[in-house]
Amino acid sequence: MKETPRVDYSREGDVRAGDDGSFEPGLESFRNLLLSHAQVETLLHSVCTQVVDTVLGADMAGVTLVDESTGTPKTVAYTDPRVLEFDAPGCLSAPMSLSAPISVDTTQIGALEVYSLTDHTFTETDEILIKVFVTAVESAIWNSRRASEAQRELTGLREAMRTRATIEQAKGIVMAIRGIAADDAFEVLSLQSQNENVKLHTLAHRIVESVGRDQS
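These figures come from a predicted structure and were not determined experimentally. Each chain carries its own residue numbering, running from 1 in the written order of its sequence. Only residues with pLDDT of at least 70 get local features here, since the model is predicted, and only at 80 or more are side-chain atom pairs given and counted; chain-wide, interface and lining totals rely on the full set of residues. Values reported for side chains reflect all heavy atoms of the structure, with hydrogen atoms and water molecules removed beforehand.

Novice: Just to check I follow, could you spell out the overall build of the protein for this structure?
Specialist: What the protein contains, in helices and strands, is six helices and four strands. The classification of residues rests on relative accessible area computed with a 1.4 Å probe and restricted to protein chains. Under 20% of the type maximum is buried, over 50% is exposed, and intermediate values are partly exposed. Within the protein, buried positions represent 36% of all 216 residues. Sequence separation of 24 or more characterises 51% of the internal contacts of the protein that already satisfy a separation of 6 or more. What sets the accessible areas is the Shrake-Rupley method with a 1.4 Å probe; for residues, cover comes only from the shown protein chains. Carbon and sulfur atoms make up 52% of the accessible area of the protein, which totals about 13,500 Å². The numbering of helices and of strands both runs from the N terminus, where a helix is a DSSP run of H or I of at least 4 residues and a strand a run of E of at least 2. Only heavy atoms enter the contact rule, under which two residues are in contact if any of them lie within 4.5 Å.

Novice: What is the right way to read the pairing of strand β4 (residues 107-116) from this model?
Specialist: Consecutive side chains of a regular strand alternate in pointing toward one face of the sheet and then the other. In terms of burial, β4 is a largely internal element, eight of the ten residues being buried. Sheet topology note: the strand β1 (residues 60-66)/β4 ladder contains six bridges and is antiparallel. Looking at β4, one finds that Met-60 is bridged to Tyr-115. Sheet topology places strand β3 (residues 96-104) next to β4; nine bridges connect them, and they run antiparallel. Bridging across to β4, Ile-102 finds its partner in Gly-110. Pairing between strands requires that DSSP locate at least two bridges from one strand to the other. Counted between consecutive antiparallel strands, the loop separating β3 from β4 contains two residues, among which Asp-105 sits at a positive phi close to 55°.

Novice: Sorry, what's going on with unusual backbone geometry here?
Specialist: Negative phi is the rule for most residues except glycine; trans is the rule for most peptide bonds. The phi torsion at Thr-106 lies on the positive side, around 70°, for a residue other than glycine. Relative to the helices and strands, Thr-106 is located in the loop between β3 and β4. You will see that Asn-197, though not glycine, has its phi angle at about 60°, which is positive. Structurally, Asn-197 can be placed in the loop between α5 (182-196) and α6 (200-215).

Novice: How should I be thinking about the sheet that holds β1 in this particular structure?
Specialist: In a beta sheet, neighbouring strands are held together by backbone hydrogen bonds and run either parallel or antiparallel to one another. Strand order in the open sheet formed by four strands is β2-β1-β4-β3, with antiparallel pairing between adjacent strands. One side of each edge strand has no neighbouring strand; the edge strands of this open sheet are β2 (73-78) and β3. Neighbour-to-neighbour, the strand axes of the sheet open up by a mean angle of 25°, direction not taken into account. Each axis is a line fitted through C-alpha atoms, taken for helices only over the stretch in contact, and angles between the N-to-C directions span 0 to 180 degrees. Together, β1, β2 and β4 form the strand contacts of helix α2 (residues 40-54), whose direction differs from that of β1 by roughly 145°.

Novice: Honestly, the nonpolar core in this entry has me stumped. Any pointers?
Specialist: Across soluble globular proteins, nonpolar side chains have a tendency to be buried as a group. Counting residues in hydrophobic clusters, the biggest one holds 26 residues, and the most contacted among them are Val-51, Val-63, Ile-102, Leu-112, Val-114, Ile-130 and Ile-141. Of all elements in the fold, only α2, β1, β3, β4 and α4 (124-178) reach the threshold of two or more residues within this core. Other than its neighbours up to four places away in sequence, Ile-141 contacts Val-40, Leu-65, Ile-102, Val-104 and Ile-109. In plain words, nonpolar cores are sets of buried Ala, Val, Leu, Ile, Met, Phe, Trp, Tyr and Cys residues tied together by side-chain atoms within 4.5 Å. One finds Ile-167, Ile-173, Val-174 and Leu-189 within the second-largest nonpolar core, a separate group that totals ten residues.

Novice: Sorry, what's going on with the pattern of salt bridges here?
Specialist: When the charged atoms of two side chains lie near each other, side chains of opposite charge can form a pair. We define a salt bridge as a side-chain nitrogen of Lys or Arg found within 4 Å of a carboxyl oxygen belonging to Asp or Glu. Inspection of the entire model under this criterion finds three salt bridges. Salt-bridge contacts for Asp-80 lead to Arg-82; the nearest nitrogen and oxygen are separated by 3.0 Å. You can call Asp-80 buried: its relative accessible area is 16%. What makes Arg-82 partly exposed here is its relative accessible area of 38%. One salt bridge in this structure joins Glu-168 and Lys-171, with 3.5 Å as the shortest N-O distance.

Such coordinate-based values are descriptive only and should not be taken to indicate function.
Next up, the structure:
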């Protein structure tokens, strides 16, 4: 795999073109990854790699996110296993580091941590470049969470539709057996559901299955 050329900085912090003459070449490959709609996990690992390849003096990088179920921070992507030691409370610390918060819907959910194993001082230009990566990460995570929510809602809707269809079938069976109207049939099912302390769709499913067995 071709190594992404680093961006060179002057002592004043100016960004120069990479070896191939393009401007900010490290960002270009990352932009292509964004356009490919990669999975968030793949994107986070790419962020870490591209930060190290793009920011002068960055030797390692990692992304820490707060677990939605436990509320505890966890390093989910990194370029070097030593990042885990730097991120752990009370453990090793790198000579120089830079932390950029990751927020979604105004809530901080993690951070992008960049480490230098030397006494390199990160410049304002470094911070700007890192914020570009962070913004992309925030967008990807936001989209991923909304997609997950939409999938859960779709699953719930499908289940509700199946449940409704079963209840309608059970109503039709009660109407046919007792010769009553739809509203009265639903009242019968509701009362039986309460008396047996079972959910309405569970009772409806049992009635439909029972009639199916009798007809087979």
